[in-house]
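Results of the structural survey
Given next are the chains, with one letter for each unit.
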Amino acid sequence: MVLTKEILKEKPLILAIDTSCDDTSVALLRGREVLNSELSSQIELHSEFGGVVPDLARRLHEENIEEVYNKALNNNPGMINNVDYIAVTTGPGLAIDLEVGLKFAKDLADRYNKPFVPVNHMEGHLFSSLLLNSKGNGLVSDEELVDAFPAIALLMSGKHTEIVYVESIGEYKKLGQTLDDAAGEAFDKVGRVLNLGYPGGPVVTEFAKRGKSGVIKFTTPMKNSGDLNFSYSGLKTAALYKSKELREKGIPEREWIYDFCRGFLDAVVDSVVIKLQLAIEKHPEVKTVFVGGGVFNSEEILRKVGNTVRSYNLNYYFPEIEYRSDNAAMIGVSAYLNILQGKYITDKDEIEEIDRDPRLSL
Ligand code: ZN
């Protein structure tokens, strides 16, 4: 759709829900402005198992969702009457976990006669940089948003690594994606190889800060593939063998672990930068690069990708730190853009028929 400043003056009150993985989150937004963003994290419980256990996540979503919802309404239940739309992630994600949020959202829409907005979680990550604080301040103004397209989006999380061509809001074409592991997953897996606990990715990026580039080298994956796809499983295997080799030599871990993490991070960043450059060069008409997803919790990755984008004189739009990992506020902003396009459902039977779609794609 073609956005205009006029259209963006409409600012409905939106309640948004996400239970696609291991966080139960509910947010309240006025247009792009986040009034409240609440989240119940399950990470500590899952870390005991070394990863997200879908059954356990489902049980915890069911236990926590009511409380998170109440908090999002400032513990003022009557507030729901003022809400204009109910939005929820329908996919991608873990099927039995998506179901909890979907059912909760459907019940609200039915009980309070609210229009319903099904949201693609990846569209949420794509537009997470558009969120504004409750004073209406943020990185991207209405003027800039209207003028942002066509654009490229680089989305990197624990489950997804993809480059998407964004013709305009609602018109997407996937240019490339990972053929095996996602970048976030690769970081967590190498964290496991190094016994850094779960999730190990953030520790790997922290340790990399203390390491020296070039001491331990890994080959940049898919460097010369010529396409825009990614692959991290070979890099993960190389890291596994390298760590075995170093251990077998009897070198104490503290002497190499920082350089090891540095080398791993350099290879991932290198692969991302190469693909992004290629995408931009193949599409010289783009004006903006949007990024989103938990991998950008690493300020270094955010900065290096940003330097690449700016070297082409393009706008670089990235989310605030609290909206990089999964959250319901980003589902709300995606819902908002859908509402402006008239993409919402009012018919009760139609709402009831909406199903979760674990493999939903942009
Ligand atoms: Zn996500």
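Criteria and thresholds
- Residues numbered from 1 in each chain as written.
- Predicted model: local features only at pLDDT ≥ 70, side-chain atom pairs only at ≥ 80, totals over all residues.
- UniProt positions renumbered as here; feature names shortened; annotations may be inferred.
- Helix = DSSP H or I, 4+ residues; strand = E, 2+ residues; numbered from the N terminus.
- Contact = placed C-beta atoms within 7 Å.
- Core = buried A, V, L, I, M, F, W, Y, C linked by C-beta atoms within 7 Å.
- Buried ≥ 20, exposed ≤ 12 C-beta atoms within 10 Å, placed from the backbone.
- Domains from an automatic or database assignment.
- Pairing = 2+ DSSP bridges.
- Axes fitted to C-alpha atoms, helices over the stretch in contact; angles between N-to-C directions.

As annotated in an unreviewed UniProt entry, the protein chain is tRNA N6-adenosine threonylcarbamoyltransferase from Candidatus Dojkabacteria bacterium HGW-Dojkabacteria-1. Turning to the protein chain, the UniProt record has this under Subcellular location (unreviewed entry): "Cytoplasm".

Take the environment of V309 next. Structurally, V309 is set in helix α10 (residues 299–311). Put simply, V309 and L3 are 306 residues apart on the chain and 23 Å apart in space, counted from C-alpha to C-alpha. If sequence neighbours within four positions are ignored, V309 has contacts with V289, L314 and Y316.

What follows deals with the nonpolar core. Among the nonpolar cores identified, the biggest contains 104 residues, and A16, I86, A87, I152, L154, F264 and A329 are the most heavily contacted of them. Here this core gets 11 residues from one element, more than from any other, and that element is helix α9 (residues 253–282). When residues are assigned to domains, this core turns out to be shared by domain 1 (7–138 + 321–353) and domain 2 (161–317), each giving three or more. If we skip the residues at most four places from it in the chain, A329 touches A16, A27, L29, V34, S37, L131 and Y323.

Let us now look at the sheet that holds strand β5 (residues 116–120). By way of backbone hydrogen bonds, the strands of a sheet pair with one another, either parallel or antiparallel. If you walk across this open sheet you meet the five strands as β3-β2-β1-β4-β5, and the pairing is mixed. Every other strand in the sheet has two partners, leaving β3 (33–41) and β5 as the edge strands with one partner each. Strand-to-strand twist across the sheet, computed as the mean angle between neighbouring axes with direction ignored, equals 20°. Relative to strand β2 (residues 23–30), strand β1 (residues 13–18) runs antiparallel, the two sharing six bridges. Bridge assignment links I17 to a residue of β2, and that residue is V26. Contacts from helix α3 (residues 95–112) reach β1, β4 (85–91) and β5 within the one sheet, and its direction differs from that of β4 by about 160°. Seen against the sheet, helix α11 (residues 328–340) touches β1, β2, β3, β4 and β5 and runs at an angle of roughly 130° to β1.

All right, on to unusual backbone geometry then. Cis geometry is adopted by the peptide bond preceding P150, which originates at F149 and carries an omega value of 0°. One can find P150 in the loop between α5 (142–146) and β6 (151–156). Note that the residue after Y198, namely P199, is joined by a cis bond; omega there is -5°. The topology assignment puts P199 in the loop between α6 (183–193) and α7 (201–210). One non-glycine residue, M222, lies in positive phi territory at about 60°.

This part takes up the sheet that holds strand β8 (residues 171–177). Reading across the sheet, the five strands line up as β8-β7-β6-β9-β10 and stay open at both edges, with mixed pairing between neighbours. Unpaired on one side and paired on the other, β8 and β10 (315–317) mark the two borders of the sheet. Put simply, the sheet's adjacent strands are angled 20° from each other on average, direction ignored. The pairing of strand β9 (residues 288–292) with β10 spans three bridges and is parallel. Residue pairing across strands places F290 opposite Y317, the latter belonging to β10.

It is worth spelling out the UniProt feature "binding site: Fe cation" (unreviewed entry) in the protein chain at this point. The UniProt record marks H121, H125 and D326 with the feature "binding site: Fe cation" (unreviewed entry), using the residue numbering of this structure. The greatest C-alpha distance among the annotated residues, which extend across 206 residues, is 8.7 Å, indicating that they converge on a single site. Structurally, the position occupied by H125 is in helix α4 (residues 121–126). A residue is classified by how many C-beta atoms lie within 10 Å of it, and H125, with 32 of them, is buried. Residues contacting H125, with those up to four places away along its chain left out, are L155, S157, G292, G293 and M330. Assessed through the 27 C-beta atoms surrounding it within 10 Å, D326 is described here as buried. Sequence-distant contacts of D326, defined by excluding residues within four places in its chain, comprise D18, S20, C21, D23 and S25.

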